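Report on the structure
Spelled out from the first residue to the last, the chains are:
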Amino acid sequence: METKQDIKSMDLDTLKQHMTELGEKPFRAGQLYEWMHVKLARDYEEMTNIPKSMKALCEEHFTYTALQCVQVQESKLDGTKKFLFGLPDGNVVESVWMKYHHGNSVCISSQVGCRMGCRFCASTLDGLERNLLPGEMLDQIYAITRLTGERVSNVVVMGTGEPMDNYDNLLTFIHMLTDDHGLHISQRNITVSTCGIVPRMRQLAEEKLQITLALSLHATTDEKRKKLMPIANKYSLSELMETCSYYFEQTGRRLTFEYSLVGGVNDTTEDAEELIRLVRPLNCHVNLIPVNPIKESDYVESDKSAVFAFKNKLEKNRINVTIRREMGRDIDGACGQLRRKHLHGEQPSAGEEITC
Ligand code: SAH
């Protein structure tokens, strides 16, 4: 039997084509699309101007992604909310909603699990289950918009998964989120974070999008990076930095380097000096993230003094640097922690569990 395609994962042209094949008028595709991607309908029931016969036809031919809210935790520290969503096949994914002065930001997952194996990351501990469809990435934003009743202005693809390992779906997702038939979020308000899959980064550069690319660097020598991130065995730091320059040349967009500070591993003065040497030639921003320790690894946070010394060193050398505000630390804020606890039947951390 042919498996049904997800109607929410189709861009407008694809949807028009399908509707025409089913003998419907193209304007009906426009109406359907608006219900799904602007009015954020959860099902066909809500679509008041679509004929019953057409709804039946759609149900017969396609699936309709509508994530189910399984659990929400709200941080008592900063109001950050972490959502656990159920997918139709029984998998769960997590997404985070953060309120900033400049608007609301949502951090979405791009895969169920991850196969990149970074040593400090909880998302990868159970491996990769499957890729998320464009509609499943979009629906994390749509469901949160409906649940909070507030508009989302920024989207970061920094949840579970490696977005460059789900490249085609990621691109469809970006186009559907940013074009004027959907939520029309500006490309400049989207950040995609990667552990550094060089050929995909080059390909993305050639798309000439206006999104921000964030590279998870975390170490300044190949030797150290290999210990933290297995992907470093495949692509060297020199290849990676060259690719970052290429991204900037092609898009004119300043890169972000993420650097998780791990106590006694990558947080010394020499590390800071190496980092300066590495990133100075590039137009970039460095985001320092004090590592969020997971119980499955021995890594510990850097001392506060080491974090500030590291930041000062970079600033003195005129590198643009911020320390990531630690949102939702009391609610399993680090990638994949909440999902993993759910899978293993463990209690989530403190915060406050609220109803969906
Ligand atoms: N796969 C992508 C995006 C997901 S992770 C990537 O590697 O960039 C988003 C960021 O959080 C990455 O920089 C990742 O290395 C970092 N991260 C993951 N687990 C962490 C933890 N426990 N503490 C601090 N940073 C973590």
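These numbers were taken from a predicted model, which means no experiment stands behind them.

What follows is about helix H5 (residues 167-178). Since one α-helical turn is 3.6 residues long, residues separated by three or four positions face the same way. For H5, which comprises 12 residues, the first-to-last C-alpha distance of 17 Å matches the rise-based estimate of 16 Å (1.5 Å per residue) to within 8%. When H5 is considered as a whole, its buried residues turn out to be Tyr167, Leu170, Leu171, Phe173, Ile174, Met176, Leu177 and Thr178. Elements in contact with the buried residues of H5: helix H2 (26-37), helix H4 (134-148), strand E9 (154-157), strand E10 (190-194) and helix H6 (198-207).

Moving on: the domain arrangement of the protein chain. If you check the domain split of the protein chain, you get domain 1 (5-63) and domain 2 (68-354). Centre-to-centre separation of domain 1 and domain 2, based on C-alpha positions: 33 Å. In this assembly, 15 residues from domain 1 lie in contact with 15 residues from domain 2. Buried surface at the junction of domain 1 and domain 2, both sides included, amounts to about 1200 Å², of which 57% is carbon and sulfur. Counting the contacts that link domain 1 with domain 2 gives 3 salt bridges. At the boundary of domain 1 and domain 2, one finds 5 residue pairs in polar contact (both at pLDDT 80 or more). A total of 3 residues in the side of domain 1 that touches domain 2 trace back to one element, the largest contributor, which is H2. Among the residues forming the side of domain 1 that touches domain 2, the class breakdown is 7 nonpolar, 2 polar and 6 charged.

Another point: the side chain of Thr178. Structurally, the position occupied by Thr178 is in helix H5. Exposure remark for Thr178: the relative accessible area of 10% places this residue in the buried category. Here Ile174 takes part through its backbone oxygen, which lies 2.7 Å from a polar atom of the side chain of Thr178. Other than its neighbours up to four places away in sequence, Thr178 contacts His184, Ile185, Ser186, Gln187 and Ile190.

About the cut-offs
- Residues numbered from 1 in each chain as written.
- Predicted model: local features only at pLDDT ≥ 70, side-chain atom pairs only at ≥ 80, totals over all residues.
- Heavy atoms only, no water.
- Helix = DSSP H or I, 4+ residues; strand = E, 2+ residues; numbered from the N terminus.
- Expected span 1.5 Å × (residues − 1).
- Buried < 20%, exposed > 50% of the residue type's maximum accessible area, 1.4 Å probe, protein only.
- Contact = heavy atoms within 4.5 Å.
- Domains from an automatic or database assignment.
- Buried area = accessible area lost by both parts, 1.4 Å probe.
- Salt bridge = Lys/Arg side-chain N within 4 Å of Asp/Glu carboxyl O.
- Polar contact = N/O pair within 3.5 Å; in protein donor to acceptor, adjacent residues only side chain to side chain.
- Nonpolar A, V, L, I, M, F, W, Y, C, P; charged D, E, K, R; others polar.

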